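Listed below, chain by chain, are the residues.
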Amino acid sequence: MEPSDEALILACRRGDAFAWETLSTRYRGLIYNVARRVGLDQEQAADVSQNVFAILVRKLDGIEQPAHIGAWLTTTTRHEAWKLRQRERASGMIVSYDAPEVNALPEESLLPDEQLLRLEEQHKVDMAVAALDERCRKLLTLLFYRPDPAPYAEVAATLRIPEGSIGPLRGRCLRKLRGILNGMEF
């Protein structure tokens, strides 16, 4: 099982390079997506992501709740994105935040805080799915991580099991996933 966020932060404080790599791999997508959801373009989001990790290095010893590093990184990302926008406005740069993927959100779409919460929740689920055994990970990916769920015949062929075994296996895998999620420190 993957180390907890708290264990990673404590290991990072000791200078453990593997812990740094694991932590950055775990959160780089979330940080980048939060920056993009705030309205930054790809280059700006990449810059903010690098800056957030630099801030983490500087403030690592002062983080009071290492188990909640995901929330800390999300908040820091939002602040850094806001500061980037403020600096651009102050310097007189005309910045267009008319990226189609940002403005294509329908009116009934989630509010920004709800979007960020959903991103954080999806990140947690992704981490938990990654912690599953290969068979469960494949099954849940085929059933839930595709725009159109795979037909049972395809799932059965991929996993080399009878079609009638898919439902019970799905139930066991979802229970395992729930157990992992319940055991994760958020």
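Along each chain, residue indices are assigned from 1 in the same order as the chain's sequence is written. Totals for whole chains, interfaces and linings use all residues, but because this is a predicted model, local features are given only for residues with pLDDT of at least 70 and pairs of side-chain atoms are given and counted only at 80 or more. Heavy atoms from the whole structure form the basis of all side-chain values; hydrogens and water molecules are not counted.

This part covers a nonpolar patch on the surface. Patch definition: residues above 30% relative accessible area lacking any salt bridge, with like charges linked at up to 9 Å and the nonpolar side chains Val, Leu, Ile, Met, Phe, Trp and Tyr linked at up to 5 Å. Per-residue and other accessible areas follow the Shrake-Rupley method at a 1.4 Å probe size, with only the shown protein chains counted as cover for residues. Salt bridge, as used here, is a side-chain nitrogen of Lys or Arg placed within 4 Å of a carboxyl oxygen of Asp or Glu. A cluster of nonpolar side chains, namely F144, Y145 and L174, defines an oily patch on the protein surface of about 280 Å² accessible area. Numbering of helices and strands runs from the N terminus; a helix is a DSSP stretch of H or I covering at least four residues, while a strand is a stretch of E covering at least two. Its place among the elements puts Y145 in the loop between helix 7 (134-144) and helix 8 (152-159).

A word on the state of the cysteines. One way to say it: the disulfide is the covalent bond shared by the sulfur atoms of two cysteines. We call a pair of cysteine sulfur atoms a disulfide when they lie within 2.5 Å. Using the criterion set out here, one finds 1 disulfide in the structure. With a sulfur-sulfur separation of 2.1 Å, C136 is cross-linked through a disulfide to C173. Measuring the twist about the S-S bond at about -75 degrees, one finds the C136-C173 disulfide to be left-handed. Pair noted here: C136 is in helix 7 and C173 is in helix 9 (residues 166-183), with a separation of 37 residues, a long-range link. Buried, partly exposed and exposed residues are distinguished by accessible area as a fraction of the type maximum, computed with a 1.4 Å probe on protein chains only: under 20%, between the cut-offs, and over 50%, respectively. We classify C136 as buried; its relative accessible area is 1%.

Here we take up the pattern of salt bridges. Overall, the coordinates contain 6 salt bridges when judged by the stated rule. In this structure, R26 and E2 form a salt bridge, with 3.6 Å as the shortest nitrogen-oxygen distance. You can see R26 sitting in helix 2 (residues 17-38) and its partner E2 sitting in the segment before helix 1 (5-13), a full 24 residues away along the chain. A residue is classified by how much of its surface remains accessible, and R26, at 11% relative accessible area, is buried. Its relative accessible area of 51% is what places E2 among the exposed residues. Salt-bridge contacts for K83 lead to E80; the nearest nitrogen and oxygen are separated by 2.9 Å. In this pair, K83 and E80 both sit in helix 4 (residues 69-90), 3 residues apart, roughly one turn of the helix. E80 sits in the buried class, given a relative accessible area of 7%. Shared partners join several salt bridges into a network, and the residues in it are E2, D5 and R26.

Moving on to the environment of L143. Locating L143 in the fold gives a position in helix 7. Residue L143 is classed as buried on the basis of its relative accessible area of 8%. When the C-alpha atoms of L143 and R170 are compared, they prove to be 8.9 Å apart, with 27 residues separating the residues in sequence. Here a residue-residue contact requires only that any non-hydrogen atoms of the pair lie within 4.5 Å. Those residues in contact with L143, other than ones at most four positions away along the chain, are P149, A150, Y152, V155 and R170.

These figures come from the coordinates and say nothing about function on their own.
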